[in-house]
Amino acid sequence: MSSFHNLTVDHVRFYTSDIESMVDEFRGYGFGVSAEYDCPGTEYSILLGSGTVRFVLTRPDATDHPGTMYVGQHGFGVADIALDTPDAAGAFHEAVRRGARPVAAPVAAHGVVTASIAAFGDVLHTFVQRAAGASEFLPGFTPAAGEAASGIGLRSVDHFAICVEPDEFDPVIEFYERVLDFETIFTERIVVGSQAMNSRVVQSRSGAVTFTVITPDTSRDPGQIDTFLKSHGGAGVQHVAFDTDDVVRSVGGMQAAGVEFLRTPGAYYTLMRERLEPARYSVADLRALNVLADEDHDGQLYQIFTRSTHPRGTLFFEVIERVGATTFGSGNIKSLYEAVEVEQQTSGLA
């Protein structure tokens, strides 16, 4: 069996210069703080999350820390999508043999083995192997006092959306297929007025790690993906999607905690029944929370996107509930695209 057949998302590392503000923001997502890592003069990190979502927020405190350069180039954002595997060293060596650029050779400590490769832009993949009985924390982390995860109900990372330059689009897809045994499961070109973007979805053989890779069509007018690439300073993660089993409860709880979401035009709900009849919720429930609905041959999904709090507008989040659906709301991509365009116009980023 391939070294990559059982991959899952272990944790997601963000680099930030303001860790306290990010912890406060993620409290609104129902995330509880569980551990911290403090290396004075080098970095300080917090581990928080809910369900199987584990976010590591790292503040670099040294000029030669890789996070210092990352924050200077991109602002806060996703720097490492760590992948759990039964054999971290084997996965690392096989990935390098297949052409991946090595970043950190395998290291074992306290029952946890880690090793890192370059992925896209300035984002890494760290392979993580945990021995039976090993802590869910990374080596060096200690339990931290903090609020426990609330009942908002975000359970896992459903997928990541990645924006890349047009000349990187095919190479990034090929990297995941050739190096990590991912499969392309969905391809789409979205046209909105005079703008267009291309996307492909690649997924691990386990089905547990999914990347929607997006690039602008440069034969059309510049749009939000062009703006992301310019504002972010190159390729990167545009949004992280969280899975829930009750989108109304989760989104309602997040809104009550102060999380802001993109608004959806009222006409969207007026016309909804021409496209589908929601299986789990009333149209009024969805309208009240601005939740979008779509369906494919396997079922329905409900999704909503947060308003970006990033100073550059380059990172936001999604909440998604799948009721059988296996795709990604392609019927709503145009709506999202148009909503983000409006956001950028009103914020002056476009």
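Our subject is the structure that appears above.
Quantities reported herein were computed from a predicted structural model and do not represent experimental measurements.

S.K.: Describe the overall build of the protein, naming the residues involved and giving the relevant values.
M.R.: Within the protein, the secondary structure is distributed over ten helices and 17 strands. Computed over the C-alpha atoms, the radius of gyration of the protein is 20 Å, within 12% of the 20 Å expected from 2.2 N^0.38 for a compact globule of 350 residues. Along the first, second and third principal axes, the C-alpha atoms of the protein reach 55 × 45 × 40 Å. Scored against the burial criterion, the 350 residues of the protein give a buried share of 53%. Taking as baseline every contact in the protein between residues at least 6 positions apart, the subset at least 24 positions apart corresponds to 66%. Accessible surface, the protein as shown: approximately 14500 Å² in total, 51% of it carbon and sulfur. Side chains of the protein give 25 positive and 46 negative charges; the mean places of these two sets differ by 2 Å.

S.K.: How would you sum up the pattern of salt bridges? Please name residues and give values.
M.R.: Should their charged atoms come close, side chains of opposite charge can pair. Summed over the entire model, instances satisfying the criterion amount to 21 salt bridges. Notably, a salt bridge pairs R97 with E94, separated by 2.7 Å at the nearest N-O pair. Note that R97 and E94 are positioned in helix 3 (residues 88-97) at a spacing of three residues, about one turn of the helix.

S.K.: Tell me what's going on with the side chain of H232, and back it up with residues and numbers.
M.R.: When you line up the elements, H232 lands in helix 5 (residues 224-232). The exposure class assigned to H232 is buried, which follows from its relative accessible area of 5%. Apart from residues lying up to four places away in sequence, H232 is in contact with Y70, Q73, H74, R312 and T314.

S.K.: Got a sec to walk through the nonpolar core? Specific residues and values, please.
M.R.: F14, F26, F55, F127, Y176, L180 and F211 are the most contacted members of the largest nonpolar core, which has 81 residues in total. Among the elements that line this core, the one with the most residues is helix 4 (residues 166-180), at seven residues. Ignoring anything within four residues of it in the chain, the contact list for F26 reads F14, F31, L48, F55, L57 and F317. By size, the runner-up hydrophobic cluster in this structure holds nine residues, among which are A161, V192, M197 and I225.

Analysis parameters
- Residues numbered from 1 in each chain as written.
- Predicted model: local features only at pLDDT ≥ 70, side-chain atom pairs only at ≥ 80, totals over all residues.
- Heavy atoms only, no water.
- Helix = DSSP H or I, 4+ residues; strand = E, 2+ residues; numbered from the N terminus.
- Rg over C-alpha atoms; globule rule 2.2 N^0.38 Å.
- Buried < 20%, exposed > 50% of the residue type's maximum accessible area, 1.4 Å probe, protein only.
- Contact = heavy atoms within 4.5 Å.
- Areas by Shrake-Rupley, 256 points an atom, 1.4 Å probe, with all protein chains shown as cover.
- Lys, Arg positive; Asp, Glu negative; His and termini not counted.
- Charge placed at Lys NZ, Arg CZ, Asp CG, Glu CD.
- Salt bridge = Lys/Arg side-chain N within 4 Å of Asp/Glu carboxyl O.
- Core = buried A, V, L, I, M, F, W, Y, C linked by side-chain atoms within 4.5 Å.

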